[in-house]
Amino acid sequence: MKPIRKAIFPVAGLGTRFLPATKAMPKEMLTVVDRPLIQHVVDEAREAGIEHLIFVTGRNKSVIEDHFDRQFELEVTLKERNKKGELRLLAQDTPDAGTTSFTRQQSPLGLGHAVWCAREIVGNEPFAVVLPDVLVQNEPGCLAQMVAAYSKQKGKANIIAVEEVPMDRVHMYGIVGVGKESGAAMPITKMVEKPRREDAPSNLSITGRYILQPEIFSILENQQTGAGGEIQLTDAMIALSKTQPFYAVKFEGRSYDCGSKLGFLTANVAYALKRKDIAGELTDELKRLLG
């Protein structure tokens, strides 16, 4: 079984739910405490052993590429001011040369199309897809848990991260039906994109993390548009599931939908409360605010 070395980060979205903040700045660069959203998910991927980071970008997203590059003027200034801690932080967050790739999704045709845009960079090997909108707070991270489950499968397996959602919200997500649990993974028996409550096979929602086999690219190449007039990744996975097994991993940890204002604000509080340098003072401030 080939290891998971590459991860795709779809970052071409317009971020309309965060206007006007995202008028001139990519939503992926909004910070949770002091780290951009995209840095949080890249950290998760690197912890899981990902060696090659593939960003599918759009117009006005060049700042993401700049973020993962060296900034010599800043480094020189920090050295002159003897800011050793800040220099170490920059060094550990900067990927090694040749480990990042950027490609464009010229038209907003959906997640499935964004993944397909990275086909030439991924090549003929399994890969991960990580959505920057979703943060999962846990050690080990969500993707590391998925890679561990993947390593125990035989043959060409596909893995999807799932979590429970209230039944009155299943119409907002991709939903899976599952068979009997085997270790950390459950065989997926059905996938439905945004089903009605009465049609949902369970309350397990797809949660922004995937490990997929390269055969999905040929399906995406001919995939018809689905919900919202977009090329849906879920539709392609349903097609691939006819010839390859899919497994669900109900990960440990809590997810935060940072594509929503409430989820983004909650993530900031949750991540700040895990920080020893600010958790105490933040707790005091929250108590004062809640009165």
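Before any of the text, the structure's been laid out above.
This structure is a prediction, so every number in the text was calculated from the model and none was measured.

Colleague: Would you take a moment to explain the overall build of the chain for this structure?
Modeller: Along the backbone of the chain there are eleven helices and 13 strands. The C-alpha atoms of the chain give 20 Å as radius of gyration, which agrees with the globular expectation for 291 residues (19 Å, within 12%). Projected onto its principal axes, the C-alpha positions of the chain cover 60 × 50 × 40 Å. Here the chain holds 291 residues, and the buried ones make up 48% of them. Contacts in the chain between residues at least 24 apart in sequence constitute 76% of all its contacts with a sequence separation of at least 6. Of the roughly 15,400 Å² that the chain leaves accessible, carbon and sulfur atoms contribute 51%. Within the chain, the 36 negative side-chain charges are centred at a point lying 2 Å from the centre of the 37 positive side-chain charges.

Colleague: Help me understand the side chain of T207 in this model?
Modeller: If you trace the backbone, T207 turns up in strand β11 (residues 204–212). Here T207 falls in the buried class, since its relative accessible area comes to 5%. A distance of 3.4 Å separates the side chain of T207 from the backbone nitrogen of E163, its partner in a polar contact. Residues in contact with T207, not counting those within four places in the same chain, are V134, A161, V162, E163, F251 and S255.

Colleague: Can you walk me through the pairing of strand β7 (residues 134–137) in this structure?
Modeller: Moving residue by residue along a regular strand, the side chains alternate between the two faces of the sheet. With burial as the criterion, each face of β7 is covered, one bearing V134 and V136 and the other bearing L135 and Q137. Summarising the sheet, β7 and strand β13 (residues 254–257) pair through four bridges and their orientation is antiparallel. Pairing of Q137 across the sheet is with R254, part of β13.

Colleague: What is the right way to look at helix α9 (residues 233–240) in this model?
Modeller: Structurally, the α-helix is built with 3.6 residues per turn, so residues lying three or four positions apart point the same way. Regarding α9, the residues found buried are L233, T234, A236, M237 and L240. For α9, the angular spread of buried residues about the axis comes to 160°, placing them on one side. Its buried side turned inward, α9 meets α5 (111–116), β8 (158–164), β10 (185–193), β11, α8 (216–221) and β12 (246–250).

Colleague: Can you walk me through the layout of surface pockets in this structure?
Modeller: Rolling a probe over the atoms, with the probe sized like a water molecule, indicates the empty space that remains. Considering only enclosed or pocket space, the second largest pocket measures out at about 540 Å³ in volume. As for the second largest pocket, its lining consists of 19 residues, and the residues nearest its centre are H40, Q137, N138, E139 and Y271. Counting only elements with at least two residues in the lining of the second largest pocket, the list comes to α1 (37–47) and β7. Considering each element in turn, the lining of the second largest pocket owes the most residues, five residues, to α1.

Colleague: Before we go on, may I ask you to explain the environment of Q244 in this structure?
Modeller: Checked against the element boundaries, Q244 lands in the loop between α9 and β12. When the C-alpha positions of Q244 and A157 are compared, they lie 6.5 Å apart, and in sequence the two are 87 residues distant. Excluding anything up to four places from it in sequence, Q244 contacts K156, N158, Q213 and E215. Among the polar contacts made by the side chain of Q244, one reaches the side chain of N158 at a distance of 3.1 Å.

Colleague: Is there a simple way to explain the nonpolar core in this structure?
Modeller: Burial of nonpolar side chains together is a common tendency in soluble globular proteins. Within the largest apolar cluster, 45 residues are counted, with the highest numbers of intra-cluster contacts made by F9, I38, I50, F55, L143, M146 and I211. Ignoring any residue separated from it by four or fewer positions in sequence, one finds I50 in contact with I4, R5, K6, A7, A45, A128 and L143. Of all hydrophobic cores here, the second largest spans 32 residues; its members include V176, L212, A236 and F246.

Colleague: Any chance you could explain the pattern of salt bridges here in plain terms?
Modeller: Per the counting criterion, the structure on display carries 16 salt bridges. Note that R196 and D199 form a salt bridge whose closest N and O atoms lie 2.9 Å from each other. With relative accessibility at 52%, the residue R196 sits in the exposed group. Note that R288 is salt-bridged to E285, the shortest N-O span being 2.8 Å. With R288 and E285 both in helix α11 (residues 279–290) and three residues apart, this pair spans about one turn of that helix. Of the residues examined, E285 reaches a relative accessible area of 41% and is grouped as partly exposed. What you see here is one network of salt bridges that share partners, running through R5, K6, E51 and E125.

Colleague: What is the right way to look at unusual backbone geometry in this model?
Modeller: Excluding glycine, residues mostly have negative phi values, and the peptide bonds linking residues are mostly trans. For the bond from L19 to P20, the omega torsion is 5°, close enough to zero to count as cis. Mapped onto the fold, P20 is located in the loop between β1 (6–10) and β2 (31–32). Positive phi is not limited to glycine here, since N82 has a value of about 60°. When you line up the elements, N82 lands in the loop between α3 (72–80) and α4 (84–93). For N82, a relative accessible area of 53% translates into the label exposed. Even without a glycine there, the phi angle at K194 is positive, about 50°. Topologically, K194 is positioned in the loop between β10 and β11. According to the relative accessible area criterion, K194 is partly exposed, its value standing at 46%.

Cut-offs used in this document
Residues numbered from 1 in each chain as written. Predicted model: local features only at pLDDT ≥ 70, side-chain atom pairs only at ≥ 80, totals over all residues. Heavy atoms only, no water. Helix = DSSP H or I, 4+ residues; strand = E, 2+ residues; numbered from the N terminus. Rg over C-alpha atoms; globule rule 2.2 N^0.38 Å. Buried < 20%, exposed > 50% of the residue type's maximum accessible area, 1.4 Å probe, protein only. Contact = heavy atoms within 4.5 Å. Areas by Shrake-Rupley, 256 points an atom, 1.4 Å probe, with all protein chains shown as cover. Lys, Arg positive; Asp, Glu negative; His and termini not counted. Charge placed at Lys NZ, Arg CZ, Asp CG, Glu CD. Polar contact = N/O pair within 3.5 Å; in protein donor to acceptor, adjacent residues only side chain to side chain. Pairing = 2+ DSSP bridges. Arc of directions from axis to C-beta. 1 Å grid on protein atoms, 1.4 Å probe; cavity = no way out; pocket = protein on both sides within 12 Å on 5 of 7 lines; lining within 4 Å. Points joined across faces, edges and corners; volume = space filled by probe spheres on them. Core = buried A, V, L, I, M, F, W, Y, C linked by side-chain atoms within 4.5 Å. Salt bridge = Lys/Arg side-chain N within 4 Å of Asp/Glu carboxyl O.

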